Amino acid sequence: MSVVDVLSGSREIVVLAACPVKSERHLAAWTMARSPVAAGKGYDEVNRGLGLLLSSLWRAFVFVFIKDSG
């Protein structure tokens, strides 16, 4: 009999799985997997904000350094 448990969080999902191993010592094997949650409105807003910030920094760089050298 194996056991699987899924834990959902705001930033990632954790999946735990365990099953007994046939032996004299009563052992169990288990594994854990983590996966980031890249969906959601908050994630999209952060990406847009970073894109706007990088775009503004690039324009400032071009305006200050390229204009002065030409």
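Small disclaimer: the values here were computed from a predicted structure and weren't measured.

The rules we used
Residues numbered from 1 in each chain as written. Predicted model: local features only at pLDDT ≥ 70, side-chain atom pairs only at ≥ 80, totals over all residues. Heavy atoms only, no water. Helix = DSSP H or I, 4+ residues; strand = E, 2+ residues; numbered from the N terminus. Buried < 20%, exposed > 50% of the residue type's maximum accessible area, 1.4 Å probe, protein only. Contact = heavy atoms within 4.5 Å. Areas by Shrake-Rupley, 256 points an atom, 1.4 Å probe, with all protein chains shown as cover. Pairing = 2+ DSSP bridges. Axes fitted to C-alpha atoms, helices over the stretch in contact; angles between N-to-C directions. Patch = residues over 30% accessible without salt bridge, like charges linked within 9 Å, V, L, I, M, F, W, Y side chains within 5 Å. Salt bridge = Lys/Arg side-chain N within 4 Å of Asp/Glu carboxyl O.

Trainee: Let's hear about the overall build of the protein chain: which residues, and what values?
Mentor: Looking only at helices and strands, the protein chain has one helix and three strands in total. Scanning the protein chain from its N terminus toward the C terminus, one meets helices and strands in the order β-β-β-α. Sorting the 70 residues of the protein chain into buried and exposed places 1% on the buried side. A sequence separation of at least 24 residues applies to 13% of the contacts in the protein chain between residues at least 6 apart. Counting only carbon and sulfur atoms, one obtains 64% of the accessible surface of the protein chain, whose full area is about 6500 Å².

Trainee: Pulling in residues and values, what's your account of the environment of Cys19?
Mentor: Residue position: Cys19 is located in strand E2 (residues 12-21). Given the relative accessible area of 33%, Cys19 is considered partly exposed. Linking Cys19 and Val3, residues 16 residues apart in sequence, is a C-alpha distance of 6.3 Å.

Trainee: Quick one: what's the story with the sheet that holds E2, residue by residue and with numbers?
Mentor: Taken in spatial order, the three strands of this open sheet run E1-E2-E3, and their pairing is antiparallel. Pairing within the sheet leaves two strands with one partner each, and these edge strands are strand E1 (3-8) and strand E3 (27-36). Taking the axes of each pair of neighbouring strands and ignoring which way they run, one obtains an average angle of 15° across the sheet. By the bridge criterion, six bridges tie E1 to E2 in an arrangement that is antiparallel. Bridge pairing links Leu7 to Val14 in E2.

Trainee: Break down a nonpolar patch on the surface for me, citing the residues and quoting the values.
Mentor: A grouping of Val46, Leu50, Leu53, Leu54 and Leu57 is seen on the molecular surface, where their side chains present a nonpolar patch of about 490 Å² in accessible area. With respect to the helices and strands, Leu54 occurs in helix H1 (residues 41-69).

Trainee: Got a sec to walk through the pattern of salt bridges? Specific residues and values, please.
Mentor: Should their charged atoms come close, side chains of opposite charge can pair. Evaluation of the coordinates by the stated rule reveals one salt bridge. Between Arg34 and Glu12 there is a salt bridge; the shortest N-O distance is 3.0 Å. Taken as a pair, Arg34 in strand E3 and Glu12 in strand E2 lie far apart in primary sequence, 22 residues in all. Given the relative accessible area of 55%, Arg34 is considered exposed.

Trainee: Which residues make up the pairing of E3, and what values go with them?
Mentor: Remember that side chains alternate between the two faces of the sheet whenever the strand is regular. Direction of pairing for E2 relative to E3: antiparallel, over a ladder of 10 bridges. Residue pairing across strands places Val21 opposite Leu27, the latter belonging to E3. The loop that links E2 with its antiparallel partner E3 comprises five residues; one of these, His26, has a positive phi angle of about 60°.

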